[in-house]
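Commentary on secondary and tertiary structure
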Amino acid sequence: MELFEYQAVDFYRTLLAEKQGNADSKDQERAKTMKGFLKDQFGHDQIEKVDLEELKKKVEGDGMLARAKYRRQVQSGFTGKRPAIAKNEILRQEHEHAEFLDESAKNEFFGFNCLHYSVSEASKFLKVMILNKSGEKCTVRACTIDDAAKAGEDYVKFDEPVSFERGEKQKYIEIGIMNDEEWEPDEDFFVQLYNAETGDELDGQDCRTRITIIDDDKPGAIYFQESKNVQADASQKTVTIFVERRNGSDGLVSVDFKTTDLDESPNTATAGIDYVAKEGTLEFKHGEILNKIEIDIIKKDDDEVRDESFLVQLSNVTPAGAKLSKKSYMVVNIVTDAKAKK
Ligand SMILES: [Ca+2]
Ligand SMILES: [Ca+2]
Ligand SMILES: [Ca+2]
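As the structure is a computational prediction, the values presented were derived from the model and not from experiment.

1. Quick look at the overall build of the chain
- Along the chain, the regular secondary structure elements total 5 helices and 18 strands.
- For 342 residues, the compact-globule estimate of 2.2 N^0.38 gives 20 Å, and the chain exceeds it by more than 25% at 31 Å.
- C-alpha extents for the chain along the principal axes are approximately 100 × 55 × 30 Å.
- Sequence separation of at least 24 residues holds for 68% of the intrachain contacts in the chain that already meet a minimum separation of 6.

The following block contains the structure:
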């Protein structure tokens with residue numbers, strides 16, 4: 001990161017120039033980065049309120065650690081871009097750290113050191129650190145709160161007093177994470193700290209931490225098995241169209257299907273005359289990769305030579321994580337002699 005080629009005085013020069021409207025576009029870029037750093041280190045971005053010696057410490061001297069952490073935080077920032085994850089992969093990550101909060105925004109006695117964790121669904125548990133800032137013997141209550149992630153479905157409810165001995169400045173609690181086979185979006189819940197005696201929610205931005213559960217299930221994509229048209233022999237009672245699930249078979253996936261006449265041409269098969277219209281929903285249970293649609297063909301005089309087509313259309317795949325092939329329809333061709341036609 002370019003920021004740390006700068007000295008503390010560069011912050012003053014650049015940001016004051018910007019305030020006076022004397023910054024060119026390159027300086028404005030720089031100013032933006034510097035302000036981000038100030039906000040994280042001081043809780044605001046007003047350079048005139050920052051003590052030069054303080055800033056020097058952060059930028060040049062013993063601020064090495066703060067800078068490294070800032071850099072790490074920026075790089076691992078959870079900006080909606082989820083990590084790619086394999087099925088059953090264990091992944092536990094920390095994102096925002098409370099040390100970047102302004103002291104006045106924090107609770108005096110208790111707090112989380114990490115304000116946002118992410119954990120993969122297969123991780124079984126997540127350890128969350130609670131700080132006892134006074135170091136005295138004391139108790140705080142920690143309790144989970146649902147957001148999109150629900151206790152009993154996605155994680156194990158936690159609601160317990162956490163006690164510290166004198167001198168014990170931190171402690172981990174363990175939150176159970178529940179695994180399943182169904183695709184879901186990534187979902188959040190919170191852990192909040194409360195006064196152990198009164199039950200009041202504790203003030204301070206570091207008294208609540210967010211946990212994102214990262215889904216690891218691959219519901220796959222739905223395709224017709226046949227890549228060309230399906231040939232249906234006119235002598236048969238039914239024609240079978242196979243539908244496959246590829247690139248994953250986790251959880252329940254469903255897809256709607258419906259027969260449709262093509263057009264008005266003589267080679268169009270007409271529902272009710274040439275075949276029996278049908279619509280419905282195919283369900284692929286967990287692990288299932290093959291399904292079929294059966295459509296009845298209406299019998300004609302033996303001497304009628306047949307060559308007529310209709311469509312089977314797929315639509316509405318669920319859940320949202322499952323995909324549908326670009327080719328979502330199949331042409332079914334009813335012919336007098338399917339073998340000869342092939
Ligand atoms: Ca789940
Ligand atoms: Ca899973
Ligand atoms: Ca899942």
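2. As for the nonpolar core
- Formed by 26 residues in total, the largest nonpolar core has its most connected members in Ile222, Val239, Ile241, Val332 and Ile334.
- When contributions to this core are tallied by element, the ones reaching two or more residues are strand 10 (221–224), strand 11 (230–233), strand 12 (238–246), strand 13 (253–261), strand 15 (290–296), strand 16 (307–318) and strand 18 (329–335).
- In terms of residue count, the dominant contributor to this core is strand 16 (4 residues).
- If sequence neighbours within four positions are ignored, isoleucine 241 has contacts with Phe224, Val230, Lys292, Ile293, Val312, Met330 and Val332.

3. Thoughts on the packing of helix 1 (residues 8–19) against helix 2 (residues 25–42)
- The geometry of helix 1 relative to helix 2 is characterised by a closest axis approach of 9 Å and an angle of 115° between their N-to-C directions. By the criterion of interaxial angle, the relationship of helix 1 to helix 2 is roughly perpendicular. For the pair helix 1 and helix 2, the sense of crossing is left-handed. Within the contact between the two elements, helix 1 uses Phe11, Thr14, Leu15, Ala17 and Glu18 and helix 2 uses Asp27, Gln28, Arg30, Ala31 and Met34.

4. Looking at the sheet that holds strand 8 (residues 187–195)
- The strand order 1-3-9-8-5-6 describes an open sheet built from 6 strands, whose pairing is mixed. Sheet topology places strand 1 (92–94) and strand 6 (159–164) at the edges, where each strand pairs with a single neighbour. With direction set aside, neighbouring strand axes in the sheet form an average angle of 25°.
- Examined bridge by bridge, strand 5 (residues 138–146) and strand 6 share 6 bridges and lie antiparallel to one another. What sits directly across from valine 140, in strand 6, is valine 162.

5. Some points on the sheet that holds strand 10
- Spatially, 15-12-10-17 is the arrangement adopted by the 4 strands of the open sheet, whose pairing is mixed. In this open sheet, the two strands that pair with only one neighbour each are strand 15 and strand 17 (323–324).
- Note: strand 10 against strand 12, 4 bridges, orientation antiparallel. Across the sheet, residue isoleucine 222 finds its bridge partner in strand 12, namely arginine 245.

So, how was this worked out
- Residues numbered from 1 in each chain as written.
- Chains lettered and ligands numbered in written order.
- Predicted model: local features only at pLDDT ≥ 70, side-chain atom pairs only at ≥ 80, totals over all residues.
- Helix = DSSP H or I, 4+ residues; strand = E, 2+ residues; numbered from the N terminus.
- Rg over C-alpha atoms; globule rule 2.2 N^0.38 Å.
- Contact = placed C-beta atoms within 7 Å.
- Core = buried A, V, L, I, M, F, W, Y, C linked by C-beta atoms within 7 Å.
- Buried ≥ 20, exposed ≤ 12 C-beta atoms within 10 Å, placed from the backbone.
- Axes fitted to C-alpha atoms, helices over the stretch in contact; angles between N-to-C directions.
- Parallel < 35°, antiparallel > 145°, perpendicular 65-115°, else oblique.
- Left-handed = near helix turned anticlockwise from the far one by under 90°.
- Pairing = 2+ DSSP bridges.

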